[in-house]
Amino acid sequence: LCFVGCPHMTLQQMKDWADAIEGKLRVKGLDKVTVPTVFTASPAVIRELEKTSTFWKLRSYGVVVSYICPLMYMNNPLCKKKAVITCSNKLRTYTSARFYTEAEILDIITGKEGQK
């Protein structure tokens, strides 16, 4: 599982990530992310995102957009048994999630080169 958005993402961050995912998937010949991925944002940002094509792009790539708090989700003792990755230093500090840079996360969630 991959969480991006702790603290919650802005509308522009959502758009930037959608574009980056689109590019990586195209290069790798894939349609969807290969790791379950959740982008989190405030309800207000999600309402604005839903008015754009970016929302539908993210959904088509298999990315879940949610207002949940990843930190509170990960606070559940059962989550310590799950492999969770993040590019959030905050989430990494307070949970068992493993930290990767944004570039590394992008590579991980879009699969290996040539993977179909």
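Each value, and the rule that gives it
- Going along each chain's sequence as written, the residues are numbered from 1 onward.
- This being a predicted model, a pLDDT of at least 70 is required before a residue's local features are given, and a value of 80 or more before pairs of side-chain atoms are given or counted; all residues contribute to the totals for chains, interfaces and linings.
- With hydrogens and water excluded, all non-hydrogen atoms of the structure serve as input to the side-chain values.
- Labels follow the DSSP assignment, with helices taken as runs of H or I lasting at least four residues and strands as runs of E lasting at least two, numbered in each case from the N terminus.
- Residue count minus one, scaled by 1.5 Å, sets the expected span of a helix.
- The contact criterion used is simple: two residues touch if any of their non-hydrogen atoms lie within 4.5 Å.
- We treat two strands as partners when DSSP finds at least two bridges between them.
- Residue exposure (1.4 Å probe, protein chains only): buried if accessible area is under 20% of the type maximum, exposed if over 50%, otherwise partly exposed.
- Starting at the helix axis, one direction is taken to each C-beta atom, and the arc is that of these directions.
- N or O atoms within 3.5 Å of each other form a polar contact, as long as, within protein, one can give a hydrogen and the other can take it, and as long as residues adjacent in sequence are counted only when both atoms are side-chain atoms.
- Only buried residues count toward a nonpolar core. Its members are Ala, Val, Leu, Ile, Met, Phe, Trp, Tyr and Cys residues joined through side-chain atoms within 4.5 Å.

**Here we look at helix α1 (residues 11–28)**
Next up, step 1: Between the first and last C-alpha of α1 there are 26 Å, a value that for 18 residues agrees with the 26 Å anticipated at 1.5 Å per step.
Next up, step 2: Taken together, the buried residues of α1 touch β1 (2–9), β2 (37–41), α2 (43–49), α3 (53–60), β3 (63–66) and α6 (102–109).
Next up, step 3: Looking one or two places after α1, you find Gly-29, whose phi comes out positive at around 70°.

**Some remarks on the sheet that holds β3**
Next up, step 1: Read across the open sheet, the 5 strands follow the order β3-β2-β1-β4-β5; overall the sheet is parallel. In the strand order of this sheet, the two ends are held by β3 and β5 (98–99), each with one partner.

**A closer look at α3**
Next up, step 1: All buried positions along α3 are accounted for by Thr-54, Phe-55 and Leu-58. One face of α3 carries all of its buried residues, which in axial projection span an arc of 105°.
Next up, step 2: For α3, the side-chain oxygen to backbone nitrogen distance between the N-cap and Thr-54 is 3.3 Å, and the N-cap itself is Thr-52.
Next up, step 3: Once α3 finishes, Gly-62 follows within two positions and takes phi at roughly 90°, a positive value.

**A few points about the nonpolar core**
Next up, step 1: Counting 27 residues, the largest nonpolar core has Trp-17, Ile-21, Phe-39, Leu-58 and Ile-105 as the members making the most contacts within it.
Next up, step 2: Looking at this core, the element that brings in the most residues is α1, giving 5 residues.
Next up, step 3: In this structure, Val-38, Met-74, Val-84 and Ala-97 belong to the second largest nonpolar core, which totals 9 residues.

**Brief notes about unusual backbone geometry**
Next up, step 1: Note the cis peptide between Cys-6 and Pro-7, where omega equals 5°.
Next up, step 2: Its location among the elements puts Pro-7 in strand β1.

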